[in-house]
Amino acid sequence: MQFRTIRHGTVDSTSERAFASIADGSARHGDVHVADAQTAGRGRQGRRWHSSSGEGLYASIVLLPEVELSAAGLTIAAGLAVHDAVARLGLKNAALDWPNDVIVRDVNDPTSAKLAGILVETRGLDPRAPHYVVGIGLNVLQREFPEQLLSERAVTSLRLCGCDATIEGALDALVGELPGRIDAIRSDPKSLARDYLSATGLLRRRVRVRSGEGAFEGRIESLDIHGGLVVTNGDTHARTFALEIVREITAIRGDEEVE
Ligand code: BTN
């Protein structure tokens, strides 16, 4: 994938700029829209993304693949790329939280703090000319966050985790990891799913899966981008969840991994 970086100062949202370029025909596969700050940074589920000037990586990547990509595959691939990028920057205890929040767990504290978030979008997808915008927000240099944000959930930055990375370094690490993971959606979905589960730390752990159909407790057995998430409860009871309906997966505490 050939990346082309398009730099913005303060913008509404890098993902909006990416969509605008797709709409006016100037977009290329691999364009990366990066901003210093966003005034209307968007998160998942209608939330806002705190985008203070010069403190975070705010990037939206345009994908114009020849064929349609699996939405679940893209969500997982982008999450893994960010997870691996922060590992490349020296942060070894980051994990993925369903579907693709990058979090940092404190061993002495059961809560986790969010380090990065990803929003994969498409608008009126034409299967003959598919397009996607992968928006990535990664907290890099923040020493503190607004109270209002902290009242919603714990958040952290690379700097607060003791990782001495720059925003530019974070962008380099990200573009280094992304192509391989995106290629794997089609070329090696099994490895992608395996690496994803490994990055969540949830394989064979006792979990509670919340889906559109209620809550289910069991152990995660496997993940298949097309086939779904298989969770077993006892020897006989297995349930397969289509990835689109899974809302939340939480570890049940006090559980040991089963080898
Ligand atoms: C989430 O809610 O976890 C996803 C957050 C995604 C934020 C990024 S920042 C760059 C891009 N532009 C946006 O408006 N949102 C994404």
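As the structure is a computational prediction, the values presented were derived from the model and not from experiment.

1. What to know about the packing of helix α2 (residues 71–88) against helix α4 (residues 167–187)
It is the contact of α2 with α4, at a shortest axis distance of 8 Å, that shows an interaxial angle of 145°. Considering how the two elements wind past one another, α2 and α4 form a crossing that is right-handed. Here G73, L74, A77, A78, L80, A81, V82, D84, A85 and R88 of α2 come into contact with α4, specifically with A173, L174, G176, E177, L178, R181, I182 and I185. Residues of the contact of α2 with α4, tallied by class, amount to twelve nonpolar, two polar and four charged.

2. Section: the site of the ligand
For the ligand, the set of nearby residues contains 19 residues, the closest of which are S13, Q38, R42, R44 and K114. T14 is positioned such that a nitrogen or oxygen atom in its side chain is 3.1 Å from a nitrogen atom of the ligand. Within the contact set of the ligand, an oxygen atom lies 2.7 Å away from a backbone nitrogen or oxygen of R42. When isolated, the ligand has an accessible area of 420 Å², and the protein chains bury 99% of it. Of all the secondary-structure elements, those providing two or more residues to the shell around the ligand are α1 (14–23), β3 (56–63), β6 (109–121) and β7 (132–139). Of the residues in the shell around the ligand, the class split is five nonpolar, ten polar and four charged.

3. Considerations on the pattern of salt bridges
Counted according to the given criterion, the structure contains 17 salt bridges. Among the salt bridges present, the one from D31 reaches R4, with a minimum N-O distance of 2.8 Å. Residue D31 is found in strand β2 (residues 31–38), and its partner R4 is found in strand β1 (residues 4–11); the two are separated by 27 residues along the sequence. For D31, a relative accessible area of 1% corresponds to the buried category. Residue class for R4 comes out partly exposed when judged on its relative accessible area of 27%. The closest approach of N and O atoms between R17 and D12, which form a salt bridge, is 2.9 Å.

4. Thoughts on the packing of α2 against helix α5 (residues 189–200)
It is the contact of α2 with α5, at a shortest axis distance of 10 Å, that shows an interaxial angle of 55°. Accordingly, the angle class assigned to the pair α2 and α5 is oblique. α2 and α5 meet at a crossing whose hand is left-handed. Between α2 and α5, the residues in contact are G73, I76, A77, L80 and H83 and L192, D195, Y196 and A199, respectively. Class assignment for the residues of the contact of α2 with α5 results in six nonpolar, two polar and one charged.

Cut-off values and rules
Residues numbered from 1 in each chain as written. Predicted model: local features only at pLDDT ≥ 70, side-chain atom pairs only at ≥ 80, totals over all residues. Heavy atoms only, no water. Axes fitted to C-alpha atoms, helices over the stretch in contact; angles between N-to-C directions. Helix = DSSP H or I, 4+ residues; strand = E, 2+ residues; numbered from the N terminus. Left-handed = near helix turned anticlockwise from the far one by under 90°. Contact = heavy atoms within 4.5 Å. Nonpolar A, V, L, I, M, F, W, Y, C, P; charged D, E, K, R; others polar. Near = heavy atom within 4 Å. Polar contact = N/O pair within 3.5 Å; in protein donor to acceptor, adjacent residues only side chain to side chain. Areas by Shrake-Rupley, 256 points an atom, 1.4 Å probe, with all protein chains shown as cover. Salt bridge = Lys/Arg side-chain N within 4 Å of Asp/Glu carboxyl O. Buried < 20%, exposed > 50% of the residue type's maximum accessible area, 1.4 Å probe, protein only. Parallel < 35°, antiparallel > 145°, perpendicular 65-115°, else oblique.

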